Amino acid sequence: MRILTFTSLFPNSLAPNSAIFLLQRISHLAQRNGNQVEVVAPVPCVPKFLRGTSRGYVASLPAVDTIANLRVHHPRYPLLPRVSMPLHGLLMYAGCLGLARRLHRQHHFDCIDAHYIFPDGLAAVLIGRSLGIPVVLTARGTDIHTFPSFPTIRPQICWALRHAAGVAAVSNSLARIMLELEPSIGTAEVIGNGVDGERFLAEDRLLARKKLGLNVDENIVVSVAALKYVKGPDLLVRAASLLKKSTPRCRVLFVGKGPELSALQRLASRLNCGDICTFVGPVANEELRHYYNAADVSCLASRNEGWPNVVLESLACGTPVVGSSVGAVPEILNQPELGIVVDPTPESIHAGLVQAIARRWNSDVLAAYARAKTWDSVAARVEGFLQRSIQRQSTIVHPAIPT
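Model, not experiment: these values are computed from the prediction. (Residues numbered from 1 in each chain as written. Predicted model: local features only at pLDDT ≥ 70, side-chain atom pairs only at ≥ 80, totals over all residues. Heavy atoms only, no water.)

Caption draft 1: Fine view of the sheet that holds strand E15 (residues 321-324). The parallel open sheet is built from six strands, whose spatial order is E13-E12-E11-E14-E15-E16. Unpaired on one side and paired on the other, strand E13 (277-281) and strand E16 (339-342) mark the two borders of the sheet. Sheet twist, expressed as the average angle between the axes of neighbouring strands with direction ignored, equals 20°. Where strand E14 (residues 297-300) meets E15, three bridges bridge the pair, whose relative direction is parallel. Pairing of Leu 300 across the sheet is with Gly 323, part of E15. (Pairing = 2+ DSSP bridges. Helix = DSSP H or I, 4+ residues; strand = E, 2+ residues; numbered from the N terminus. Axes fitted to C-alpha atoms, helices over the stretch in contact; angles between N-to-C directions.)

Below you can see the structure in the form of structure tokens.
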């Protein structure tokens, strides 16, 4: 197949750790059966004088990049943060149509594979209708959990779902929400993520702790997540304050960055647990396994989720998970031998952590379960989904490719 992948989430040379799961999924798809994949990853048009700001780094991205042997295009489109949010999909479409048309002339795409329903999915469906290319959409989390609550955006999401050749989600919960939003789609395929078994694997816990300079005698909890509200780091800080009182010699490692760092540090200090909360900061993806292996338990305290890759990554390293009962977490932790599913409250998280720390886990069982979920198997399912979606649209007459 000749596939145009369309998503603003794709990693780039300046943010290589962003959405690694998409890179894995798409690169493995490109390796199957001679598939040809071009990636369009649009970015907002940012003035060059803003390059030094948190959002302005995209001004330095090249128009075309190469990531893991995939050619990635970065077309620009106009956007005023917040102000133009209802027009985000339309502006993305306007900024990307010309490039998509040129690439289609060169490659004659069989389909557009778009990730994130709004704004990316809406823009992709508009491009597909302009060029006569079937479009498949994959929901990943906030695009379906949050954006439909905006009255100006909800109808745009429903329109995109109605006009897609196929709709998928990374979890059953997201699929159910989409069917409630737009019953006319009939069905939504569920294709979860995989795990890189060569990158995430078990290693000796004591050696991992020594490598990271951690106390070998402490009970260590690790949380690999962005420091933002939806990921629930404040819930984990509050759980840590309870853990300090109930379980001696504990430490909670927060691995990740985000806008709530200062607020979390103040909260930990106010709750008198700052001495056991360590904010590590961002860690390269290839180094994360040391943190999983050093921990007695991994914790994901999210308020909302799609398919959190950190759960499988932790399990692949032989480390059990205490995770909130949101998104695909209950689908992944579907056996008591794998971890503990809790409510996203400090009290429930604390109880789960106490139980996990006290329990003896079989790390071989955890690792074997996770590593069976390979990216190759995910790519095979994606390929079948794309082929079926294209076939369903095969009777529709599309306009000729412009010459």
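Caption draft 2: Molecular detail of the environment of Leu 236. When you line up the elements, Leu 236 lands in helix H8 (residues 233-246). Under the relative-accessibility criterion, Leu 236 is labelled buried at 1%. In this structure Leu 236 touches Ser 223, Val 252, Phe 254, Cys 299, Ala 301, Ile 349 and Leu 353, once residues within four positions along its chain are discounted. (Buried < 20%, exposed > 50% of the residue type's maximum accessible area, 1.4 Å probe, protein only. Contact = heavy atoms within 4.5 Å.)

Caption draft 3: Spatial organisation of the pairing of strand E1 (residues 2-6). With four of its five residues buried, E1 lies for the most part within the structure. The parallel pair E1 and strand E2 (residues 36-40), bridged by helix H1 (residues 20-30), forms a crossover whose chirality is right-handed. Pairing geometry for E1 and strand E7 (residues 111-115), over four bridges, is parallel. When the sheet's bridge partners are listed, Leu 4 is paired in E7 with Ile 112. (Right-handed = clockwise from strand over helix to strand, strands pointing away.)

Caption draft 4: View of the pattern of salt bridges. For the structure shown, the criterion picks out 12 salt bridges. Its salt-bridge partner being Arg 32, residue Glu 383 comes within 3.1 Å of it at the nearest N-O pair. Linking Glu 383 in helix H15 (residues 375-392) with Arg 32 in the loop between H1 and E2, this pair joins segments that are 351 residues apart in sequence. With a relative accessible area of 26%, Arg 32 lands in the partly exposed category. Measuring nitrogen to oxygen at the nearest pair gives 2.8 Å for the salt bridge that ties Asp 234 to Arg 303. (Salt bridge = Lys/Arg side-chain N within 4 Å of Asp/Glu carboxyl O.)

Caption draft 5: Representation of the side chain of Ser 241. Residue position: Ser 241 is located in helix H8. By relative accessible area, which is 10% here, Ser 241 ends up buried.

Caption draft 6: Examining unusual backbone geometry more closely. Backbone torsion omega between Phe 118 and Pro 119 reads 5°, so that peptide bond is classified as cis. Even without being a glycine, Asn 69 presents a positive backbone phi close to 70°. Here Asn 69 shows up in the loop between strand E4 (64-67) and strand E5 (70-73). Look at Asn 69 and you get exposed, because its relative accessible area is 77%. With a phi close to 55°, His 108 is a non-glycine residue in the positive phi region. Looking at where His 108 falls in the secondary structure, it is placed in the loop between helix H2 (88-107) and E7.

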